[in-house]
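As a plain string of letters, each chain reads:
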Protein chains: 4
Amino acid sequence: MSIRVGIVGISGFGGGEAMRLIASHPSFELVYAAGEASAGSRLMDRFSGVPDKLADLVIARWDPATLPKLDVLFASLPTGASAEALARVPEDVKVVDIGGDHRFVGGWAYGLADVWPDQIRDQRRIANPGCFPAATLTALAPLLAEGLIEPGNIVIDAKTGISGAGRGGDSKFGYAESNENLVPYGLLRHVHMPEMAKAIERLSGGSAAGLVFTPHLVPMTRGVLATIYCRGRTTTDACLDAARRFYAGRPFVRVTDKPPQTKWATGSNFAFVSYAADPERDLVIAMGVVDNLGKGAAGQAVQNANLVCGLAETTGLDGTPVWP
Amino acid sequence: MSIRVGIVGISGFGGGEAMRLIASHPSFELVYAAGEASAGSRLMDRFSGVPDKLADLVIARWDPATLPKLDVLFASLPTGASAEALARVPEDVKVVDIGGDHRFVGGWAYGLADVWPDQIRDQRRIANPGCFPAATLTALAPLLAEGLIEPGNIVIDAKTGISGAGRGGDSKFGYAESNENLVPYGLLRHVHMPEMAKAIERLSGGSAAGLVFTPHLVPMTRGVLATIYCRGRTTTDACLDAARRFYAGRPFVRVTDKPPQTKWATGSNFAFVSYAADPERDLVIAMGVVDNLGKGAAGQAVQNANLVCGLAETTGLDGTPVWP
Amino acid sequence: MSIRVGIVGISGFGGGEAMRLIASHPSFELVYAAGEASAGSRLMDRFSGVPDKLADLVIARWDPATLPKLDVLFASLPTGASAEALARVPEDVKVVDIGGDHRFVGGWAYGLADVWPDQIRDQRRIANPGCFPAATLTALAPLLAEGLIEPGNIVIDAKTGISGAGRGGDSKFGYAESNENLVPYGLLRHVHMPEMAKAIERLSGGSAAGLVFTPHLVPMTRGVLATIYCRGRTTTDACLDAARRFYAGRPFVRVTDKPPQTKWATGSNFAFVSYAADPERDLVIAMGVVDNLGKGAAGQAVQNANLVCGLAETTGLDGTPVWP
Amino acid sequence: MSIRVGIVGISGFGGGEAMRLIASHPSFELVYAAGEASAGSRLMDRFSGVPDKLADLVIARWDPATLPKLDVLFASLPTGASAEALARVPEDVKVVDIGGDHRFVGGWAYGLADVWPDQIRDQRRIANPGCFPAATLTALAPLLAEGLIEPGNIVIDAKTGISGAGRGGDSKFGYAESNENLVPYGLLRHVHMPEMAKAIERLSGGSAAGLVFTPHLVPMTRGVLATIYCRGRTTTDACLDAARRFYAGRPFVRVTDKPPQTKWATGSNFAFVSYAADPERDLVIAMGVVDNLGKGAAGQAVQNANLVCGLAETTGLDGTPVWP
C-alpha cells in the first residue's frame, strides 16, 4: 500500500534530500512538491538525477489551500516561514516540519526519534530537531539519562558543513570565500540554544542554565560534529556502556570507541557517538556526528514519518554511507 | 532467491563502493570479502557505517584456492595483480573484474553495459571498463554508431576526482598537496588509451589511430568529466537526437541539452552525456560525466553482474544521486 | 620616490589582489580606493589583514570626477562597467584596466606583458588580458612565433578556479553547490574567444578561424590551466627549446619539462608553460598555468604598471608562490 | 649586510614556508638547505616557483658536522629527530627550532615572540611554539596576565588544516580520505598539552592542572583556530580592552570584535584574537587564529630570527594575507 507524501521547500537542501530518500522509499509515493523560486519547473529541471517516475512532477507554488490529498507532508521552509502556513494544513495530514518553527511548541512532538520514539508514534505533528541538536542530544542523552554528567555545566563546540547554512544564501557562503576558511559564528546567541536547553532539561530533569554553544562553519558540504565538554566523575568505559545500553536495539545510533568522523555518516541516517572521560578531573567529553542533511534533517524526518505511519523505523533508510 | 557474491580488494575505493551497493541489493548477499592489508579485520572495523548484517564478516586474505561457494566474484585489484589469480577462480563463478587487466582480452567480455548489454548477458567473465573510458565511450558511442564523427580524429580532455588515483597511495595525493591543485598527467601515454582506441574501433568500424587523451587530477573526491573534441559536419540537435535514439529505453544514460556537471552523478550509476556542434567548422564537442566509483567502477560492475545473473539491470542501482 | 596609485573595484577579488600587491610594492603608494557596495568603509573593515599604513583609508564611491591626483589607476570593474567611466579619467593618469572592456580596442595597448613589453612601455592606457588568455597565449606564443603550429587549428580546453567567476556572485557559485563539482560552461560562445583569436592572429600573422575554447569551473579558489591541442609536425624538445628562447631573460615565465600544476603559481605572478608533441601524428599539446588573480589579473596589472612607470618589471612582484 | 641562514628539513611544509619567507627577506641570505629524501636535488626541482637566485642551491644531506658558516639555522624536523643533532651545531650559530623537541627545555628560550620578545632577543637557542599553542596562548595571554580568567579551568577546542599533520604522511591524510571529513583526535593526550600548560602557568603564575585540549583535523590546507572556554567574571569589552593594551605596539597580533576566521591569516604572520564573555555565567570564550605554517611555524621562526639578529621584528614579514 502506498502512502501519499508531499514536500514543501523542495528546492532547498533539506527538501532535496527528502526527495532523494522518498524516491527510494518502498512505501512512500511522492505526489506533491512545492517551492517558491522553482514553482512551475519539473523535478527533472531541478534535479538531473531524479528517478524517471518523478521526472515530470511539476513543482507547485506552495499554498496549503491547494494541497492534494496527502498522508504525510514534509515541510522544509526557512525559519519563520512555516508556522502560519502549516496551521492551515488539514488535521488528517501528518506533518513533519524539518524547519525550526515548531520545536518545543504546544501540539507538536519533538522528533528526536532515536531517543523518544514512543512520544512520536501516535502524533500527527512532528517538529524535527535542528542539525546541531541532533548531533548533540544523541551524544548527551545516555549520560543525562544515567546522571553521569551535570546538566547545568555543558559546553558544546559544534562544527557544521556549509550546506547547514541553507541554499542560495549569502555571498559569504560563496565557494571562494568559504573554501579554506573556518568560521566561528553566533557566539552566545545561536538560535539552536533554547531547543538544546529544553531537550537537556527533559532528558535530565535538571536545569541547563549554564549551557554554552558555539557553532563553526567548516569548509565541507555535509556533516556535523559536536564536541561537548561536560562535568561528571566517570570513566570512558562507563560512558560507552551507558550509550550501548541506551541505544540497544536502536538501529541508527552507533556507539564507537574511536572519535567519530563526519565522513562516516555522509548520505546516511546514522549518528555516531563516542566519549572520553577523565575521572580525576571530573571531565567528560562527548562527541556526536551526523550528516546534517541526513539524521540532521531529511533522514530524521523520514524516520519520524515512518514512526507516525506505523512502519518499521528503518524503512527506506538502510542505505550505507557514501565513502569516500 | 539469494545470489552469493564476494569482493576481492575490499579495502580499496572500488571494492568499498561495491560493498555499499551490494549491501542494498535485494538479490545479492555478500558472503566473502578479501583484501591484503585489511585481512583479519571485520568489515565494521574498516567501514563504520556497514549494515549490521555485514558488520561481523571477517576480511579474508585473498587466495583463489580458498574461495567459498560463490555465484559472482567482484575483483577490484591494482593493475597487474589480478590476471594470474583470477585465472584460478573456478569456471562456474561469474567474475566481474573492476581492475584493468582483462579489458579486450580473449575470453573476457568488455563490460560497457549501457552500450553492449547483449554481449555481456551470457558471459561468465566480464572486464569492467576504466572510469575514463566509461565517461568517454558513453558520450561517443551514439556519434560513432551513426557516423556523425570521424573515429580517427578524436581528442579527449579528461578530468577525474582524486579517488580515481586509488587509495593509500602516494603522498603526492595527500590532502595538502592535492587541494587547490589541478594536475595534468600521463600525456601521450596513459594506460587507458589502448582500451579506448579498441572500443572506438569496435563502435565505428574505423581506425582510432589519431586518438589523443590527456587526463587531469581535479581537487575533488569523486567524478569524471570527459570533454571530447571531434570532427564531423553535424549539429548539436542531431547529436542529441542520435544519443536519445541510441539510449532509448536504457536506464542509466541521461542525454541533456545542458553541459553535464560531475556532481549530478555522485553516488549513482548514471552517466550524463551532452553535445555542442558547429557545422561550419566541422566541430563536435561531446561531454560525458560519471561518478568514477559508480558508473566508472562499482556501479557498472553491479550492472554487469545483474546482466550475467539474469536480473533487471537496475536491480539495486536505482538510488538517486547524492546532492549537494 | 613614491608613485601615487588608486584602485577602482577594491571589493572584488581582482581589486583585492591588486591591493595586496601594491601594499608590498616599494614604489607604489595606495592613495585611493573606490568601490560600490563597500563605499564608506575603511579598508580594514573589508580586509582584516591590510597593513597598518592602509588600514584607515576610506573606500570612496567610484566617480572619475572626484579622483585625487594619481599617477596610476587600476580598474577592476565588471565587464561593461568601465568603458564610459574610464573615458573620463584625466589623460595624464595612466590606467591599467583589469576588466574586459578595452582589450583590442583602439587607443589601448594589450597588456600581455611577458610577450609584448615593448608595446606597453610608452603607453598610458593598458588593457590587461583575461585570465584564460593569459594562460593560453603565454603557452602558445613561442610556438606561433616560430611557426611550429597552425594558427587556424587550435583547441583550448581551459579550467579555472571559482574566484575566476568573480565575487558575490550567483548562488550557483555557493560552496555547497560548487564543492565536489566540475562544470563545463560557455561552450562555443565564451566572451574570451575574440580576444584570444585576435592575439593568436597578431602572434602568427595567420587566421585563427578554427579556434575552439571550452572553459570549465574547477572546485578550487585560484588557478587556471589551459590544455591546448594544436597541429604541427614538431617534437616536445623543439617546443621546449622554442619557449626557452622566446622567454630568455623574461622573469615571470617558467618553461618546464613536467606538466605544470596550478598550485605552482598560487599567489605569484609566474606563468608555467610546458609541451608534449608527437610528430607522427602532427600533434602538439601546449599547457599554460597561471594564478587567475596573479598573472591572470592583478599580478599582470602591476607588471604593466611597472612597465609604464619605467620601473623594473619585477618590482613588488618577486614573491615566491604560496605552497602548499 | 647579509645574514647567512640555513634550513634543515627543507622538504617539509614548515621548511618550505621558511624558504618562501627567507627568499623575500631583505637581510637573510639562504646559503644552506638540508633534507633527507630530497638530498641531492636542486631547490628548483622541489619548488617550481623558487626565485632564480635560489634555484640552483643543492639540498644537502643533513649533518651538523658539515654545516657551512652560518649565522642562523632554522630546523624543521619531525619530533624526536632534532634534539641530538642540534646539540652538535656550533654554539655561535643561532638556532630556531620549529620542531617540538626543545620547548620548555633548559637552555632554550620559548619563542612566543608576540608575548615574550624580551626573553628571546639575547638568546642563541629558540624553541618555536607549536601551531596550536601559538593560536591558543596568543589569545589567552592578555586574560591570564590581567587575571581575568582562572588558569586552572581552561578548555581548548582546536581545529587545524591538514598541513599541520606534516607532509608525506599517512594515507589517512590522503585527499579522498580527508576531504569532506572532520576528525577529532588525540583526546586527553595530545603532545601539545604540556607545552600549553607550562606556558599558561608562566603567564598566570597559577596552576593549569585542569587544562583540556581537543584537536580536530579540518578539510583545508592551512589555518588554526582555537576556541577556548574559560571561567571568569568579566565582559567582552573588558577582554578586548585587555588584549588591546597587552598587544599595543605589537605588530602581528590583531584584536578584533568579530569572531576571527582562519582565512584572514593565510600566508601571513598575523594572529587574530577575539573574545565573547557572559559575566552572568562566569564564562569567557577566547578565540585565536593563525596560519599554522605562518605564525604557527615559519613566520614565527623568522620573527624570532629577526629578534636574535637585532633586526626589526617585521623585517621580511610584512606581506598581506592571501585572500581569497
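Residues numbered from 1 in each chain as written. Chains lettered and ligands numbered in written order. Predicted model: local features only at pLDDT ≥ 70, side-chain atom pairs only at ≥ 80, totals over all residues. Heavy atoms only, no water.

An unreviewed UniProt entry lists chain A under the name N-acetyl-gamma-glutamyl-phosphate reductase, with Methylobacterium oryzae CBMB20 given as the organism. Taken directly from UniProt, the Pathway (unreviewed entry) text for chain A runs: "Amino-acid biosynthesis; L-arginine biosynthesis; N(2)-acetyl-L-ornithine from L-glutamate: step 3/4." (UniProt positions renumbered as here; feature names shortened; annotations may be inferred.)

Draft legend 1. Molecular detail of the sheet that holds strand E5 (residues 94-97) of chain B. All names here are of chain B. Spatially, the seven strands line up as an open sheet ordered E3-E2-E1-E4-E5-E7-E6, and their pairing is parallel. Edge positions in the open sheet fall to strand E3 (60-61) and strand E6 (109-110), since each of these has one partner strand only. Examined bridge by bridge, strand E4 (residues 72-75) and E5 share four bridges and lie parallel to one another. For Phe74, the partnering residue across the bridge sits in E5 and is Val96. (Pairing = 2+ DSSP bridges. Helix = DSSP H or I, 4+ residues; strand = E, 2+ residues; numbered from the N terminus.)

Draft legend 2. Examining the relation of the copies chain A and chain D more closely. Aligned on chain D, chain A shows an RMSD of 0.0 Å; the corresponding rotation is 180° and the shift along the axis is 0.0 Å. With respect to symmetry, the two chain copies, as superposed, fit the operation of a two-fold axis. In terms of proximity to the rotation axis, the leading residue of chain A is Pro219(A), whose C-alpha is 3.3 Å off the axis. Counting the interface residues of chain A, we find that 100% of their copies in chain D are interface residues as well, pointing to one common contact surface. (Least-squares fit on C-alpha atoms with pLDDT ≥ 70 in both. Contact = heavy atoms within 4.5 Å.)

Draft legend 3. Expanded view of the relation of the copies chain B and chain A. With an RMSD of 0.0 Å, the operation that places chain B on chain A is a rotation of 180° combined with a shift of 0.0 Å along the axis. By residue overlap, the copies meet face to face through one surface: 100% of the interface positions of chain B are interface positions in chain A.

Draft legend 4. Spatial organisation of the pattern of salt bridges. Tallied over the entire structure, the rule returns 68 salt bridges over all chains. Close ionic contact of Asp56(A) with Arg42(A) constitutes a salt bridge, the shortest N to O distance being 2.4 Å. Residue Asp56(A) is located in the loop between helix H2 (43-46) and strand E3 (60-61), and its partner Arg42(A) is located in the loop between strand E2 (28-35) and H2; the two are separated by 14 residues in the primary sequence. Take Asp56(A): its relative accessible area is 53%, and that puts it in the exposed class. Arg222(D) is the partner of Glu17(D) in a salt bridge, and the nearest nitrogen-oxygen pair spans 2.7 Å. Note that Glu17(D) is positioned in helix H1 (residues 13-23) and Arg222(D) in the loop between strand E10 (212-217) and strand E11 (224-231), a separation of 205 residues in sequence. (Salt bridge = Lys/Arg side-chain N within 4 Å of Asp/Glu carboxyl O. Buried < 20%, exposed > 50% of the residue type's maximum accessible area, 1.4 Å probe, protein only.)

Draft legend 5. Inspection of the UniProt feature "active site" (unreviewed entry) in chain A at higher detail. All names here are of chain A. UniProt marks Cys131 with the feature "active site" (unreviewed entry), using the numbering shown here. Within the fold, Cys131 resides in helix H4 (residues 131-145). Apart from residues lying up to four places away in sequence, Cys131 is in contact with His192, Val224, Val290, Asn292 and Gly296.

Draft legend 6. Local environment of the pairing of strand E13 (residues 271-278) of chain A. Residue and element names in this part refer to chain A. With respect to burial, E13 is a largely interior element, eight of its eight residues being buried. Across the two faces of E13 the burial is the same, with Ala271, Val273, Tyr275 and Ala277 and Phe272, Ser274, Ala276 and Asp278 all buried. Here three bridges tie strand E12 (residues 253-255) to E13, and the two strands are oriented parallel to one another. Its bridge partner lying in E13, Val255 is registered against Val273. Looking at chain direction, E13 and strand E14 (residues 283-290) are connected through eight bridges and run antiparallel.

Draft legend 7. Inspection of the side chain of Asp114(A) at higher detail. Considering the arrangement of structural elements, one finds Asp114(A) in the loop between strand E6 (109-110) and strand E7 (125-127). Beyond its immediate sequence surroundings of up to four residues, Asp114(A) is in contact with Tyr247(A), Arg250(A), Phe252(A), Val253(A), Lys295(A), Gln300(A) and Gln303(A).

Draft legend 8. Here's a closer look at the sheet that holds E7(A). All names here are of chain A. Pairing is parallel in the open sheet, where seven strands are placed in the order E3-E2-E1-E4-E5-E7-E6. Because the sheet does not close on itself, it has two edges, and the strands there are E3 and E6. Bridge count for E6 against E7 is two bridges, and the pairing is parallel. Along E7, the bridge assignment pairs Tyr110 with Ala127. Most of the contacts of helix H1 (residues 13-23) go to strand E1 (residues 3-8), to which it runs at about 160°, and overall it touches E1, E2 and strand E4 (72-75). (Axes fitted to C-alpha atoms, helices over the stretch in contact; angles between N-to-C directions.)

Draft legend 9. Just the environment of Gly14(A), in detail. Residues and elements named next belong to chain A. By the secondary structure assignment, Gly14 is in helix H1. Look at Gly14 and you get buried, because its relative accessible area is 9%. Spatially, the C-alpha atoms of Gly14 and Gly99 are 8.9 Å apart, while their sequence positions differ by 85 residues. Ignoring anything within four residues of it in the chain, the contact list for Gly14 reads Ser76, Leu293 and Ala298.

Draft legend 10. Representation of the environment of Asp282(B) within the structure. Residues and elements named next belong to chain B. Here Asp282 shows up in the loop between strand E13 (271-278) and strand E14 (283-290). In this structure Asp282 comes out as partly exposed when scored by relative accessible area, which is 26%. Along the sequence, Asp282 and Thr262 sit 20 residues apart, while their C-alpha atoms lie 27 Å from each other. When neighbours within four sequence positions are excluded, Asp282 is seen to be in contact with Cys230, Arg231, Gly232 and Arg233.

Draft legend 11. Spotlight on the packing of helix H4 (residues 131-145) of chain C against helix H6 (residues 193-204) of chain C. Residues and elements named next belong to chain C. Where H4 meets H6, the closest approach of the two axes is 9 Å, and the angle between their N-to-C directions is 20°. Looking at the two axes, H4 sits roughly parallel to H6. Classified by chirality, the crossing of H6 by H4 is right-handed. Facing H4, whose interface residues are Phe132, Pro133, Thr136, Leu137, Leu140, Ala141, Leu144 and Ala145, H6 presents Glu195, Met196, Ala199, Ile200, Leu203 and Ser204. Grouping the constituent residues of the contact of H4 with H6 by class yields eleven nonpolar, two polar and one charged. (Parallel < 35°, antiparallel > 145°, perpendicular 65-115°, else oblique. Left-handed = near helix turned anticlockwise from the far one by under 90°. Nonpolar A, V, L, I, M, F, W, Y, C, P; charged D, E, K, R; others polar.)

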